[in-house]
Amino acid sequence: MTRFIFITGGVVSSLGKGLGSAALGALLQARGYKVRLCKLDPYLNVDPGTMSPFQHGEVFVTDDGAETDLDLGHYERFTGNPACQNDNVTTGRIYTDVLSKERRGDYLGATVQVIPHVTDEIKDFIREKDGTADFVLCEIGGTVGDIESLPFLEAIRQFGNEMGRERALFLHVTLLPYIPAAGELKTKPTQHSVKELMAVGIRPRILLCRADREIEEEELRKIALFCNIDENKVIPALDASSIYEVPLTYHKEGLDVQVLDAFGLEAGEEPDLSEWERIVRRIQNPETEVTIGVVGKYTNLADSYKSLNEALTHGGIANKAKVKIKFIEATLFDEDEGDIAHELQGVNGILVPGGFGERGAEGKIKAAQYAREKKIPYFGICFGLQMAVLEAARHLAGVTEANSTEFSNKGEHVVGLMTEWTKDNQTEKRSSETDLGGTMRLGAYPAALKPGSKVAEIYGSNEVSERHRHRYEVNINYKEKLEEAGFIMSGTSPDGTLPEICERSDHPWFIGVQYHPELKSKPFDPHPLFVSFIKAALEQGKLV
Ligand code: GLN
């Protein structure tokens, strides 16, 4: 029997609902249950694919090619279950489906309304998960009280009613702000936010109270009394030193036991959390330290590079090292005035992550050149590979006008718009006129690695599958010229037409990949490329 846990948030956004959901998923999993996590997002975009990383943070791509909310990344990293298209839905997607049904005449002449048509569509999305796991954890994006989330709240209210208390549970994440003048944590915003939920017919049975300091018993009792919740189900959720500590701290506060109790289930034996303990121990007691310079363009918002930051941390855990990330604005070097040597001073490795558009491109090319010339480990991801290729083409292969069609129609297009490729034995076609949303080369594709190459050695395999999200590609016709310049294409699509990986043979560690390895890295299963990159950066650190 599948049980459903709905997770809502109150008081403020950025409460860590996604992390909380992921941590609860991991705890239930550690108790031997099969879990599935999904997210309902109230915004009108059909998916976050067209949203700026500054607004929405990273776009997490699934194996089956969906561009999804970054919380799915947390779910995947914490449970090890690969996320998929059907784990995320937005208001935009729901309305698109409702409106196409209306146009097809599926509603048989009915007046199409938010209730029941939109709410039914949302319930179908949830119900489809019935039978796929013991627990389905369903996070509702946004904050209770937002206009946008109302149809979702109405849908989960109806769903909860249909399922009954034995199969549906509402868990509300809230905040207790500390007011210095009063010297105490305040419970009133929590009371109001629970009232807001009750007003739409949802009665939470568990409260997860975020706070930056110890919550007094007295306060917890007060919340329980005012919010009509069992005392032991008002659970403190204090800030943790690392996100990987969250499952352990929530377990200590009894979250998993109380969730099971709410469903009338016995908790039984203690779960085995030794893997989480090991990871946290490693993070808290590093033997050494390394600094990675990330030359990107969305450096003001840490969420823009969420999976990347995590993958670097995982690489550090595997090497018993603390990874310090220094974000460097690529636009600083777009013009000549930026002093690249000064900015990159002291970094042990340079990483150019994924990116879009012209702004910052020349700066990234300079970063690749600097890494190549100074023999500093270089990791180019997607755009970071494309810029390293342009650098090699311009400065080593004699293609001085090398450029990408993404930002210039002048020069020689060593990187160009991808117009045709194969997915599951079918040809996908695109042109410059195609819509921007959802039309990139997206999701998992296999790559064949060159036997004996550095990447084949790192992966320990000659065939890999990795997730893509790009519209442009390196033109394979430049293979020979680039290889003569020491830039080896050590991975391609299995048919040999699309370059996937390039590496330098005359450099301690210089690898560019067309895909996003960071999306598949997990704390207990770090991605081999990140493990190897951090190892190379540590060695570089010993040289200076
Ligand atoms: N802008 C480049 C492309 O579309 C790279 C994309 C990326 O880095 N994810 O091909």
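Everything below is about the structure printed above this text.
Fair warning: this is a prediction, and the values are worked out from it, not measured in the lab.

Draft legend 1. Local environment of the overall build of the chain. In terms of helices and strands, the chain carries 18 helices and 25 strands. Scaling as 2.2 N^0.38, a compact globule of 544 residues should have a C-alpha radius of gyration of about 24 Å, and the chain matches this with 25 Å. Just so you have it, the chain exposes about 22,800 Å², and 47% of that area is on carbon and sulfur atoms. The distance from the centre of the 61 positive side-chain charges to the centre of the 83 negative ones in the chain is 1 Å.

Draft legend 2. Main features of the sheet that holds strand β22 (residues 472-474). If you walk across this open sheet you meet the three strands as β16-β17-β22, and the pairing is mixed. The outermost strands of the open sheet, each flanked by one partner alone, are β16 (402-404) and β22. Strand-to-strand, the axes of this sheet are offset by a mean angle of 30°, without reference to chain direction. Sheet topology places β16 next to strand β17 (residues 412-417); three bridges connect them, and they run parallel. Each bridged residue has a counterpart across the sheet, and for N403 the counterpart in β17 is H413. Each of β16, β17 and β22 touches helix α15 (residues 383-395); the most contacted strand, β16, lies at about 160° to it.

Draft legend 3. Structural context of unusual backbone geometry. Look at the link from I115 to P116: it is a cis peptide, with omega at 15°. Relative to the assigned elements, P116 resides in helix α5 (residues 114-127). For V11, which is not glycine, the phi torsion reads 75° and is therefore positive. Mapped onto the secondary structure, V11 falls in the loop between β1 (3-9) and α1 (17-30). Positive phi, close to 55°, is recorded for S14, a residue that is not glycine. Among the structural elements, S14 can be located in the loop between β1 and α1.

Draft legend 4. Quick look at the packing of α1 against helix α3 (residues 71-79). Running from N to C, α1 and α3 cross one another at 25°; their axes reach a closest spacing of 9 Å. With respect to α3, the axis of α1 lies roughly parallel. α3 is crossed by α1, and the crossing has right-handed handedness. Residues G18, L19, S21, A22, A23, G25, A26 and Q29 of α1 form the contact with α3, whose own contacting residues are D71, H74, Y75, F78 and T79.

Draft legend 5. Focus on the site of the ligand. Lining the immediate environment of the ligand, one finds G354, G355, F356, C382, F383, Q386, E406, R469, H470, R471, Y472 and H516. Between the ligand and E406, the relevant distance is 2.8 Å, taken from a nitrogen atom to a side-chain nitrogen or oxygen of the residue. A distance of 3.1 Å is found between a nitrogen atom of the ligand and a side-chain nitrogen or oxygen belonging to H516. Protein burial of the ligand: of its 300 Å² of free accessible surface, 99% is covered by the chains. Counting atoms within 2 Å of the grid points, the majority share of the ligand lands in the second largest pocket. Contributions of two or more residues to the shell around the ligand are made by α15 and β21 (463-470). Here the residues of the shell around the ligand sort into four nonpolar, five polar and three charged.

Draft legend 6. The arrangement of the nonpolar core in detail. Judged by nonpolar contacts, the single largest core of 44 residues is most densely connected at I5, L171, L255 and V259. In terms of residue count, the dominant contributor to this core is α1 (seven residues). Ranked by size, the runner-up nonpolar core spans 40 residues in total, among them I328, A330, A368 and V415.

Cut-offs applied
One numbering rule holds for all chains: residues counted from 1, following each sequence as written. Confidence filtering applies because this is a predicted model: local features only for residues at pLDDT of at least 70, side-chain atom pairs given and counted only at 80 or more, and all residues used for totals across whole chains, interfaces and linings. Think of the side-chain values as coming from all heavy atoms in the structure, minus any hydrogens and water. Secondary structure counts use DSSP, requiring at least four H or I residues in a row for a helix and at least two E residues in a row for a strand, with both numbered from the N terminus. Only the C-alpha atoms count toward the radius of gyration. The rule for a globule is 2.2 Å times the residue count to the power 0.38. Here the accessible surface of atoms and residues is derived via Shrake-Rupley with a 1.4 Å probe, and residues count as covered only by protein chains that are part of the display. Charge convention: Lys and Arg are scored as positive, Asp and Glu as negative, and His as well as the terminal groups of each chain are ignored. Where a charge sits is defined by one atom per residue type, namely NZ (Lys), CZ (Arg), CG (Asp) or CD (Glu). Note on pairing: DSSP must find at least two bridges between two strands before they are called paired. Simply put, an axis is a line fit to the C-alpha atoms, just over the touching stretch for a helix, and the angle between two N-to-C directions goes from 0 to 180 degrees. Between two residues, a contact is recorded if the distance between any of their heavy atoms is within 4.5 Å. What sets the label is the angle itself: under 35 degrees gives roughly parallel, over 145 gives roughly antiparallel, 65 to 115 gives roughly perpendicular, and the rest give oblique. Each crossing is labelled by how the near helix is turned from the far one, with a counterclockwise turn of less than a right angle marking it left-handed and a clockwise turn marking it right-handed. We call a residue near a molecule or strand whenever a single non-hydrogen atom of that residue lies within 4 Å of it. N or O atoms closer than or at 3.5 Å make up a polar contact, with two conditions inside protein: a donor-capable atom paired with an acceptor-capable one, and, for residues adjacent in sequence, both atoms drawn from side chains. Throughout, the protein atoms alone are placed on a 1 Å grid, and a set of points is a cavity if a 1.4 Å probe fits but cannot get out or a pocket if it is open with protein on both sides within 12 Å along at least five of seven lines; lining residues have an atom within 4 Å of a point. Assignment of a molecule to a cavity or pocket requires that more than half of its atoms lie within 2 Å of the corresponding grid points. Residue polarity is assigned by list, with Asp, Glu, Lys and Arg as charged and Ala, Val, Leu, Ile, Met, Phe, Trp, Tyr, Cys and Pro as nonpolar; anything else, Gly included, falls into the polar class. In this description, a nonpolar core means a group of buried Ala, Val, Leu, Ile, Met, Phe, Trp, Tyr and Cys residues linked to one another through side-chain atoms lying within 4.5 Å. Working definition: with a 1.4 Å probe on protein chains only, accessible area under 20% of the residue-type maximum means buried, over 50% means exposed, and in between means partly exposed.

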